[in-house]
Amino acid sequence: MKRTFRGWEVRTGVEAAAHKICSDMGLPTVRIVWSSKVSTAAINSSGKMYLADIRDDATISRALFNRYVGYIVHELLHRKYTNFAYNSDKQYIQQLHNAIEDIWIERKGIAAKLTGNIGPLLTELIGQMVAEALAAPGMDWTAVEQYPFVLAVFGRRYAPPVPVAQGLLPIFIEASSRVDDCASTSDTLVLAKWVYDQLQQTLPPDPRPAEPKPGDQPGDKPGDKPGDQPGEEGKEGAGKGQEGPQGGAPGDGKGKVAGNPGKAQRVTSADTARETEPGARPAPGDSGSGTYDIGSVRQPYHHANTYGSSSQNWSLK
Amino acid sequence: MAQSLNEIIRVVALLPLKQVMAAAAKANPVANIQTKSEAVALLADLIYRGTTDISWVQAQKIPADGAAPLKNVALANVIDQTVIEAAQRRADDATAKADRAGTEAGLAAKAASSAVAVASRAEAVALDAVAGVKAAAAAADVTAANLALLADDIRTIRERVGSLATVKIDSATVATAVAAAVAGAFAPFKKAVIDAGAEAAVGSLAGAVVVDRKPALDIFGIDIKDCKGNQVLVDIWNASDAPARDANWIWSEGILRYLLLAQGTETNLWFGGERGTGKSDTAKQFAAATGRSFVRINFRKHTAAEDYVGQGGLVGGSTVFEPGSFLRAFAAPSTVILLDEVTMAPGGELAPLNGFLEPSSAVSYGGAVRRRAPGVMVFAADNTLGNGDDSGRYAGTGTMNSSLIDRFSHVIAFKHLPFAQEVDAVVRHTGCTRKLAEHICSAIIAARAKVETGDIVDAPSIRSVVAFIRGLSILPIEDAWATAVVARQPSESATALEAIYAAYINTTLIAREIA
């Protein structure tokens, strides 16, 4: 089969595949929006799925192509299992909720074998995310903004190991165990709040001076605006990033831990978290610039309706 | 090994009388030897004691004027026995003498010698007995071995006979072969009939007839009952050129009901649906199962009415109407006629069909009135249910004239087999494991989704599944998918099927199942 694809092929192929998989899962129709303003895959309650746009003549590797397929499968799991009515106003809890919800829906999807290759596909997806995170310069695994992402990886039993800051492991082990007991999105939200409480109550306070972070006002919802996403992954950190193959967490048999980067810090109500959702973005020269947006073609003024108003009720999932 | 006295006696006794007598006279000229027994006893004693040997006796020449040697074996045996007994007596006498001498002190050496001789004799006799036993044992072993071989042979023969007894003769195959042979033999006659334009007349005389009526359950494996709850019976014909049955063919009850409805009512059926849903093969397998002839007429953009109905031509200076494949089949009882890809042909060129497809039709064409022969069934097949196609997937198809479609009482939309039946069919055709067939069929079913809503991606058919699985025996999994499923698609649609591959095809599972 092909090793590389043209951007236009990927868009049409992935879109067609999304419809087929959606139909095969017995789900209501989705609409694909190729947007140059998003770097993560997302779907909202009305079935509008956002994917990072690709230039027509971009050369896309099979690995990235498979990653796009992984996104649509992941997002369709949200379409199948997630109740979008349950959410939190607090950004940090929202990211914890996203992390736990992702773990929950993927475990259910894999157990139900919703697509024949769902396990390896999602394993590859999270594997690429972890590889990028581990390779990111200046990644501080002890920073509180990373905890939801670390939980999102740790809870996926098929994911490669990531460094888990000291003190987080007991909380995450318990959270991962409780995910199996969840029956709905409301349950995962309750669990997210429990994790948030643990992170606030059982960890020592951060001795470092607080730094102002853009867009971390309480009640703000960064996920509401796809345009907010680019730039989040490159945040500065302490630059520890120790990695060391260390096997799984003792006794839990679930998530895997790659090393001990240092002590975890207490989460405060002012903290925000990094995006936990799978991220997709072509290489800088290949990302889209609005050359093709099937959503805008099908629905005139789509951009104005969605992006022009923050009151649009959809969230990144 | 030294010979025993008895053995020596036996050997000597078998020599000619004259030779023995001459040897005895020579060995002891003073002895008054009167009989062969005495001569044998003397010579044996001498040989046994080592004074002479048997070769010396055998070397003695027979006197020319001597008596003829005994030839009577029975008499010789009697003589031998006499000789043996005489020699034995002499040996006993010698032994007795030796014994008596042994009691005398002055004859101790002689007694000892006699004792050694006796011991030697005893040993020789014992050794002879052992040798005899060994020979008997060896002979017994050989016999036992031969018996074992014989038993093996018998077992082999029994097995062969047994296997011959279990060989099943496929009557259908035999019948097909016989039919083919007969058809070959009658080929010249058939040609002559066609050349004479008399196939309709001959066909009605010599054509296939209904030879049986059986329940659908017996023929198709599906019990079909009519509205009154009675079993629907199937007409069984005896057409010699009926196609061969595909043992792996899976019948759908829904389709079968229409076929059975049509079998005796001159009802024409229109089969529509995606490629690979079994439209053409359904017609062919129905003919095969019911012993009917089968004729498939493929239509194309430039098909003219003359191509399939017939046209006039010059034969021997005269204008003669030459019936086309449709008319010939139409006149042959039992024939299932499949008008395949009929929407590819221009509407006007199909117009002649209208008259023929009427019930109880009698159409004047080519200078004769043409009637549907008994049992003729007409099916049309296309991908668009007669509506043509604007999507480009079935390029070249056109919308059918409604008057033609109206001749087909039922328009049946063929779907892909239900999942379980498709898995069954794949397992039957490829011999793969059920788990592998389920895995691949799941992916293919996902790939088929949305096709009917205008998605340009064509639906991979069961042929693609079978080709993919067969390809796995030698091709890498990706290559098998690419060539069996993806390659026939335009580029953007092919990408969608590659995405389906990524989402559905688990290479680890496949590798395990084909190992």
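We now turn to the structure provided with this report. Everything numeric in this text was worked out from a predicted model, so none of it was measured.

**Overview of unusual backbone geometry**
Residues and elements named next belong to chain B. Even without a glycine there, the phi angle at glutamate 266 is positive, about 55°. Inspection of the secondary structure puts glutamate 266 in the loop between α11 (253-262) and β3 (268-273). A relative accessible area of 28% means that glutamate 266 is categorised as partly exposed. Phi is positive for serine 334, close to 80°, though the residue is something other than glycine. Take serine 334: it is sitting in the loop between α14 (325-330) and β7 (336-340).

**Some points on helix α20 (residues 477-486) of chain B**
Helical geometry: 3.6 residues make up each α-helical turn, so side chains three or four residues apart lie on a common side. Judged by how many residues are buried, α20(B) sits mostly within the fold: seven of 10 residues are covered. When we look at burial in α20(B), the residues that qualify are Ile477(B), Ala480(B), Trp481(B), Ala482(B), Ala484(B), Val485(B) and Val486(B).

**Some remarks on the environment of Lys435(B)**
Residues and elements named next belong to chain B. In this fold, lysine 435 is placed in helix α18 (residues 434-448). Since its relative accessible area comes to 43%, lysine 435 is described here as partly exposed. Expressed as a C-alpha distance, the spacing of lysine 435 and isoleucine 510, which sit 75 residues apart in the sequence, is 9.1 Å. With residues up to four places along the chain from it excluded, the contact list for lysine 435 reads Leu509, Arg512 and Glu513.

**Describing the packing of aromatic side chains**
Applying the stated criterion to the full structure yields 22 aromatic pairs over all chains. Ring-pair connections join several aromatic residues into one group, and the members of that group are Phe299(B), Tyr308(B), Phe321(B), Phe326(B), Phe330(B), Phe356(B) and Tyr365(B). Over the ring of Trp194(A) we find Arg178(A); its NZ or CZ atom is 4.1 Å from the centre of that ring.

**Things to note about the interface of chain A and chain B**
Taken together, the contact between chain A and chain B spans 29 residues of the former and 28 residues of the latter. Taken together, the two surfaces of chain A and chain B that pack against each other cover about 2,100 Å², and 60% of this comes from carbon and sulfur. Counting the surface chain A buries against chain B, the share from its top three residues, Met1(A), Lys20(A) and Asn117(A), is 36%. A salt bridge links Arg3(A) to Glu478(B), with the nearest nitrogen and oxygen atoms 3.1 Å apart. In this assembly, chain A and chain B are joined by 10 residue pairs in polar contact (both at pLDDT 80 or more). Residue assignment for the side of chain A that touches chain B shows that the elements contributing at least two residues are α1 (7-24), α2 (62-81) and α4 (118-135) of chain A. A per-class count over the side of chain A that touches chain B returns 14 nonpolar, nine polar and six charged.

The rules behind each value
Residues numbered from 1 in each chain as written. Chains lettered and ligands numbered in written order. Predicted model: local features only at pLDDT ≥ 70, side-chain atom pairs only at ≥ 80, totals over all residues. Heavy atoms only, no water. Helix = DSSP H or I, 4+ residues; strand = E, 2+ residues; numbered from the N terminus. Buried < 20%, exposed > 50% of the residue type's maximum accessible area, 1.4 Å probe, protein only. Contact = heavy atoms within 4.5 Å. Phe/Tyr/Trp six-rings, centres within 6.5 Å; stacked < 30°, edge-to-face > 60°. Lys NZ or Arg CZ within 6 Å of the ring centre and 35° of its normal. Buried area = accessible area lost by both parts, 1.4 Å probe. Salt bridge = Lys/Arg side-chain N within 4 Å of Asp/Glu carboxyl O. Polar contact = N/O pair within 3.5 Å; in protein donor to acceptor, adjacent residues only side chain to side chain. Nonpolar A, V, L, I, M, F, W, Y, C, P; charged D, E, K, R; others polar.

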